Amino acid sequence: MKKVVKFGGSSLANAEQFQKVGDIIRSEESRRYVVPSAPGKRFDGDTKVTDLLYGCYAAAENGEDFDEKLDAIKERYYEIIRGLSLNLSLEEEFQKIREDFKAQAGKEYAASRGEFLNGKVMAAYLGYEFVDAAEVIRFDKNGNLEREKTNKLLYKRLSKCERAVIPGFYGATEDGKVRTFSRGGSDVTGSLVAKAIEADMYENWTDVSGMLVTDPRIVDNPAVIETVTYRELRELSYMGATVLHEEAIFPVRKEGIPINIRNTNRPEDKGTLIVESTCKKPKYTITGIAGKKGFCSINIEKSMMNSEIGFGRKVLQVFEDQGISFEHIPSGIDTLTVYVHQDEFEEKEQEVIAGIHRAVQPDFVEMESDLALIAVVGRGMKSTRGTAGRIFSALAHANVNVKMIDQGSSELNIIIGVENRDFEAAVKAIYDIFVMTQI
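For the structure given in this document, a descriptive report is provided here.

How each quantity is defined
- Residues numbered from 1 in each chain as written.
- Predicted model: local features only at pLDDT ≥ 70, side-chain atom pairs only at ≥ 80, totals over all residues.
- Heavy atoms only, no water.
- 1 Å grid on protein atoms, 1.4 Å probe; cavity = no way out; pocket = protein on both sides within 12 Å on 5 of 7 lines; lining within 4 Å.
- Points joined across faces, edges and corners; volume = space filled by probe spheres on them.
- Helix = DSSP H or I, 4+ residues; strand = E, 2+ residues; numbered from the N terminus.
- Nonpolar A, V, L, I, M, F, W, Y, C, P; charged D, E, K, R; others polar.
- Salt bridge = Lys/Arg side-chain N within 4 Å of Asp/Glu carboxyl O.
- Buried < 20%, exposed > 50% of the residue type's maximum accessible area, 1.4 Å probe, protein only.
- Axes fitted to C-alpha atoms, helices over the stretch in contact; angles between N-to-C directions.
- Parallel < 35°, antiparallel > 145°, perpendicular 65-115°, else oblique.
- Left-handed = near helix turned anticlockwise from the far one by under 90°.
- Contact = heavy atoms within 4.5 Å.

Quick look at the layout of surface pockets now. Its volume calculated, the largest pocket comes out at about 1100 Å³. Lining the largest pocket are 44 residues; nearest its centre among them are Thr206, Asp207, Thr242, Val243 and Leu244. A total of 3 residues in the lining of the largest pocket trace back to one element, the largest contributor, which is strand β11 (residues 288-301). The residue makeup of the lining of the largest pocket, split by class, is 18 nonpolar, 17 polar and 9 charged.

As structure tokens, this is what we get:
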């Protein structure tokens, strides 16, 4: 059995955390490929190493003396090395970084050094081979990941390694210029490694015991989702639920490799298993609740619009011409409503309204702002009668007025529109009816 294990910055913030990680890796023979992030915050008010590197590079870019800032970063690593009683020197690496900063090698290069150095420390600590991600993760000149080339490079290199550490977050172009993923991109590296080596499992270790049914800032101690499908995760992450970088899903999904979200500080917890599909019955009717504030609706009314061919296309063309993407389009016989992000729309609202009038000659156009969208997601909803009824009943009891409902044909999710001010109350009410009472 082969597992890829990725550890986030909070899991590697200091020597004590490194030791926890080492115990986790050594506890299972199958954990053979390790993807570390850069050291995160050691305590509240601390600064992540990646942010220190950005600050240090900014000083170098401005022609300032950055030695003191770089020495502070060096001390962060040597603090870990001393705490682990390792006989390891990073002097050559830091000398190279100093020279490259002076030569202004780029912000992406600067940011990547956190993972690079942590990979060196991790490889020395575990006795694993170090594989520089710049050699095996390939980007094109525009900074886009070259998936097929990356997969071939990873397979070729890692097939020769029984055990290896591959730093997360970065790669390089063909000519060696370092490029990075967006923040949280170490998740993507782990996923690419798992695909290339045809892993049996991709374990993503962080500081939470899996994915939660809803936002803990709204509901106290929400339940952990035991198993979630990739489709459910996509719906939830789109509406704001984040435990994993969005792009980390695709490489492993194609190969049918499950992802396990685990807690470094509570390794006994099973966490959340993310799978292609499952016959396991979910614990609750719903899998998760996620949502966002800050939407507005544009309601277009016109008699007999349902018989007017191309009506919807013409309306959406107006939004496209203004560079505005839509979220949802509930409709009736004589009405069509478009939900969009309010901050995108406000600057161009009059152009859009004028465009709609020119395009389809509506009888009436009405707008409503300060709305929130809530996604109730779950594969269990398909086989459970009355799910929508229970949602509306819960919202009615919480005195929440429903502005919109939109259910996909897959019966995997129900989208509810409410006013911004009712958002938290709505999420609590839905959570209570499905989880606390377990209906």
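On to the pattern of salt bridges, then. The full count for this structure, using the stated rule, is 33 salt bridges. Salt-bridge contacts for glutamate 108 lead to arginine 179; the nearest nitrogen and oxygen are separated by 3.0 Å. A residue pair is termed long-range when its members are at least 10 positions apart, and glutamate 108 in helix α5 (residues 107-126) and arginine 179 in strand β6 (residues 178-180) qualify at 71 residues. Classification of arginine 179 by relative accessible area gives buried; the value is 15%. Here arginine 421 makes a salt bridge to glutamate 419, at a shortest N to O gap of 2.9 Å. Accessibility expressed as a relative area gives 67% for arginine 421, which makes it exposed.

Let us look at the packing of helix α14 (residues 387-397) against helix α15 (residues 423-436). Contact geometry of α14 with α15 gives a least axis separation of 9 Å together with a crossing angle of 125°. Here α15 runs oblique to α14, going by the angle between their axes. Crossing of α14 over α15 shows right-handed handedness. The residues of α15 that touch α14, namely those facing Thr387, Arg390, Ile391, Ala394 and Leu395, are Ala426, Ala429, Ile430, Ile433 and Phe434. Split into classes, the residues belonging to the contact of α14 with α15 amount to 8 nonpolar, 1 polar and 1 charged.

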